[in-house]
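# Structure at a glance
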Amino acid sequence: MEAVCLNSEPLFEEGDQYEDEGNCSMLEHSDEAHEMQLKKEFLPPTVGLEFESFDEAYDFYNVYAKGQGFGIRVSNSWFRSKRRERYRAKLSCSSAGFKKKSDANNPRPETRTGCPAMVIIKLVEAKRWRIVEVELDHNHPVSPEVKRFYKSHKKMFLAAKKAQQSQAVKEIHTIKLYRTAIVDAICNGHSKTDERVDRNPTNHSKHLELKEGMHLQSRIAYNYFSDTVTIDTTSLTNKYEIPLISFVGINHHGQSVLLGCGFLGHESVEYFVWMFRAWLTCMQGRHPQVIVSDQSKPLDIAVSEVFPQARHCYCLSYIMHRVPEKLGGLAGFETIKRQLNKAVYDSLKISEFEIFWAGMINQHSLTDNKWLQLLYADRQRWVPVYLKDISFVGILPINDCECSGAFFDGYVHKHTSFKEFLDKYDLALQRKHLKEAMEDFESRNSNFDLKTKSNFELQLSKVYTKGMFKKCQIEVEGMYSCFNTKQVSSDGPIMTFVVKERKEVEGNDKEVKHYEVLYEATQIEVRCICSLFNFKGFLCRHALSVLNYNGVEEIPSQYILSRWSIDYKRNFLLDAGFSDADVDSPVQWYNNLFRRSLQLLEEGAQSQEHYQAVTRELDTLLTKFSLVDK
């Protein structure tokens, strides 16, 4: 959370225009250092940004405009009729609109271009001004290097000059900009963020304020669950008032866990790159293996630049959620939607998807539909049948009854303000952490209810957390809907089986689907064509049926992921090990101590006896440090 201070007084009139370069000679020798400072500090307007007054909002946009190379004016204002109190205003590029035609013999040339760039601000809660709409793009060239001086800039510099000459103490207008919440004191001094994409270099007049513990909690979670990460930009895509971007993972209970979040002023490659590099620096430079995001060109470019080794896929539920918006106006929409769902969710082979897709396109004459063209071109990034070789550990929905809920669902909506979000942020994390702690407790101290007599179910109940056991239990129960397991071919030690399953379809109808399962007897390896193991991290009912058919009484160890085990965090730290070799810098000291402290934390939480022993030793150690410092 960053506060940006602007020491210039607001001085403006509605309808401000630019002046030619020749009319600003009086200002050519104004404080160059001040001008350079403005160029460094300009920040883009962002929906949801709030100001203490109308003047501050105007000042903010004016500074940004000066940095970009254009002038501004108040193009529209709305007033309450009786009190003449302004409650809404539109601040536009000075080239917005067009001048009225003049009957003069020598009318002044037209200088406006109908430029759409603007911000709309409104009065909220009778005391603050909030940006509610932003358009950053111009329809004419803009550049801070062009020596065209605008009246809005002239008055800004005159006010600054006047403020410098006066000895009186001036009020400093503070704009509250919650730009990012992923960089804190731990990262300061150790950041490796590329300066080329950091548009806001550190300045002593600014300060960074963060919610206490936020970064540490996300960093701890990322230490365990860094394999697959969703970059959630729903707030940006849906034009929420807060431009929230979240990094979300999956914990050992199958729950979503926050790995960091921040606010992004603009959806551009440059801004995404800056955000990703800052987050990666805070996570000690450890790259995720898989990244799931919305389908977006700027996101795609930024992810490939910052995370070149990660597999980048698009979130299926985000795409399917847009189907009514993109295709709802077409004739036969319900049929199109049904056929699209069948192609995406029911295809077990690539050839099936291609046939279903082509049938839909041809039947409804959709060859020229731009959105469907783009989806098809990117099909290897989002259609499940193309993604079977990637381990998603449950973060990617693969059927139409699943959805990818945002981490802050229930806490953030389209009109949530910055202040409301910060108030709800702690509550959201407390509830999420409480839920995880309760799951940990129940997993360690409860006996799970078994619903079958299968050895597979008993085996899973002894090692998995409660949440993951229940998901696996569904597949064990699902074995009873499978029938007629039959070997159809063999190639050396590899045998191919077909498992039939009776599945419900629309209404109460049922259909029988055939699933091919490969089984290797020597290493006891099994793989089903549905690839549930890669998508969710546990074996499907079809694979379990083949194991059972071949007399295998326990699930092979390679299919029991330690990631879902009750003691995953404890074992993870023990397996990682620690080394004091080459630890010769403060950053390395911190990182090593951080990992060791997590091990102490996990052991201390196992019982009251462990807890008391750990706190006793910590008190002793802290007392020792206190005596040394004295």
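This one's a predicted model, so the numbers in the text were calculated from it and none came from an experiment.

This paragraph deals with the packing of aromatic side chains. By the definition in use, this model includes 28 aromatic pairs. Between Phe272 and Phe276, the ring centres sit 5.9 Å apart and the planes meet at 20°, which makes this aromatic pair stacked. One end of the pair is Phe272 and the other is Phe276, both in helix 6 (residues 269-282) and four residues apart, which spans about a single turn. Residues Phe272 and Phe276 agree in their burial class; the two are buried. Relative to Phe535, the ring of Phe392 has its centre 6.0 Å away and its plane inclined at 15°; by these criteria the two rings are stacked. Highlighted residues: Phe392 in the loop between helix 13 (379-382) and helix 14 (418-445) and Phe535 in helix 17 (residues 532-536), separated in sequence by 143 residues. Each member of the pair, Phe392 together with Phe535, is buried. Every member of this aromatic cluster is reached through a ring pair, and the members are Tyr222, Phe247, Phe272, Phe276, Trp279 and Phe307. Here the guanidinium or amino end of Arg88 rests over the ring plane of Trp78, the centre of that ring lying 5.6 Å away. Lys432 extends its terminal NZ or CZ atom over the ring of Phe407, reaching a point 4.7 Å from the ring centre.

All right, on to the sheet that holds strand 18 (residues 510-520) then. Taken in spatial order, the four strands make up an open sheet running 16-17-18-19, and their pairing is antiparallel. In the strand order of this sheet, the two ends are held by strand 16 (482-491) and strand 19 (525-528), each with one partner. Sheet twist, expressed as the mean angle between neighbouring strand axes with direction ignored, is 25°. With seven bridges joining them, strand 16 and strand 17 (residues 494-504) adopt antiparallel strand pairing. Bridged to Ser490 within strand 17 is Met495. Running over the sheet, helix 18 (residues 541-549) touches strand 16, strand 17, strand 18 and strand 19 and is turned about 130° from strand 17.

So, on to the UniProt feature "domain: SWIM-type" (unreviewed entry) in the chain. Within this structure's numbering, the places UniProt gives as "domain: SWIM-type" (unreviewed entry) are residues 515-551. Counting secondary structure, residues 515-551 comes out at 38% helix and 27% strand; the distance between its end C-alpha atoms is 20 Å.

Let us now look at the side chain of Glu457. With respect to the helices and strands, the residue Glu457 is situated in helix 15 (residues 455-463). Within the buried set, Glu457 has no salt-bridge partner at all; the shortest N-O distance to an opposite charge, 7.2 Å, is to Lys451. The residues contacting Glu457, other than those within four sequence positions of it, are Asp449, Leu450, Lys451, Thr452, Phe469, Gln473 and Val476.

A contiguous nonpolar patch, built from Leu621, Leu622 and Phe625 and spanning about 300 Å² of accessible area, is present on the exposed surface. Mapped onto the elements of the fold, Leu621 is located in helix 21 (residues 608-629).

Strand order across the open sheet formed by five strands is 13-12-11-14-15, with mixed pairing between neighbours. Taken across any chain shown, the strands that pair with only one partner, and hence form the sheet edges, are strand 13 (256-263) and strand 15 (311-314). On average, adjacent strands in this sheet sit at an angle of 20° to one another, irrespective of strand direction. Note: strand 14 (residues 290-293) against strand 15, four bridges, orientation parallel. In the strand pairing of strand 15, Ile291 is matched with His312. Strands in contact with helix 14 are strand 12 (244-250) and strand 13; relative to strand 13, the strand with the most contacts, it is inclined by about 160°.

Glancing now at helix 10 (residues 333-345). Residue pairs three or four apart in sequence face the same way in an α-helix, which turns once every 3.6 residues. Between its first and last C-alpha, helix 10 extends 18 Å over 13 residues, near the 18 Å set by a 1.5 Å rise per residue. What helix 10 keeps buried is the set Phe333, Ile336, Leu340, Ala343, Val344 and Tyr345. When helix 10 is viewed along its axis, its buried side chains cluster within an angular range of 165° and face the same direction. In the core, the buried residues of helix 10 are packed alongside helix 8 (316-321), helix 9 (323-327), helix 11 (350-363) and helix 13.

Where helix 15 contacts helix 16 (residues 466-478), the two axes come as close as 10 Å, and the packing angle between them is 175°. By the angle between their directions, the pair helix 15 and helix 16 is classed as roughly antiparallel. Of helix 16, the residues touching helix 15 (which contributes Phe456, Glu457, Leu460 and Ser461) are Phe469, Cys472, Gln473 and Val476.

Quick look at the pattern of salt bridges now. Counted under the stated rule, the structure contains 15 salt bridges. Arg322 is the partner of Asp294 in a salt bridge, and the nearest nitrogen-oxygen pair spans 2.3 Å. Of this pair, Asp294 sits in the loop between strand 14 and helix 7 (297-306) while Arg322 sits in the loop between helix 8 and helix 9; the two residues are 28 residues apart in sequence, bridging distant segments of the chain. This pair shows no difference in class: Asp294 is buried, exactly as Arg322 is. Across the salt bridge formed by Glu516 and Lys349, the nearest N and O atoms sit 3.5 Å from each other. Here Lys349 lies in the loop between helix 10 and helix 11 and Glu516 lies in strand 18, a separation of 167 residues in the sequence. Since its relative accessible area comes to 37%, Glu516 is described here as partly exposed. Connected via shared salt-bridge partners are Glu50, Arg128, Arg130 and Glu241.

Rules and cut-offs
- Residues numbered from 1 in each chain as written.
- Predicted model: local features only at pLDDT ≥ 70, side-chain atom pairs only at ≥ 80, totals over all residues.
- Heavy atoms only, no water.
- Phe/Tyr/Trp six-rings, centres within 6.5 Å; stacked < 30°, edge-to-face > 60°.
- Helix = DSSP H or I, 4+ residues; strand = E, 2+ residues; numbered from the N terminus.
- Buried < 20%, exposed > 50% of the residue type's maximum accessible area, 1.4 Å probe, protein only.
- Lys NZ or Arg CZ within 6 Å of the ring centre and 35° of its normal.
- Pairing = 2+ DSSP bridges.
- Axes fitted to C-alpha atoms, helices over the stretch in contact; angles between N-to-C directions.
- Contact = heavy atoms within 4.5 Å.
- UniProt positions renumbered as here; feature names shortened; annotations may be inferred.
- Lys, Arg positive; Asp, Glu negative; His and termini not counted.
- Salt bridge = Lys/Arg side-chain N within 4 Å of Asp/Glu carboxyl O.
- Patch = residues over 30% accessible without salt bridge, like charges linked within 9 Å, V, L, I, M, F, W, Y side chains within 5 Å.
- Areas by Shrake-Rupley, 256 points an atom, 1.4 Å probe, with all protein chains shown as cover.
- Expected span 1.5 Å × (residues − 1).
- Arc of directions from axis to C-beta.
- Parallel < 35°, antiparallel > 145°, perpendicular 65-115°, else oblique.

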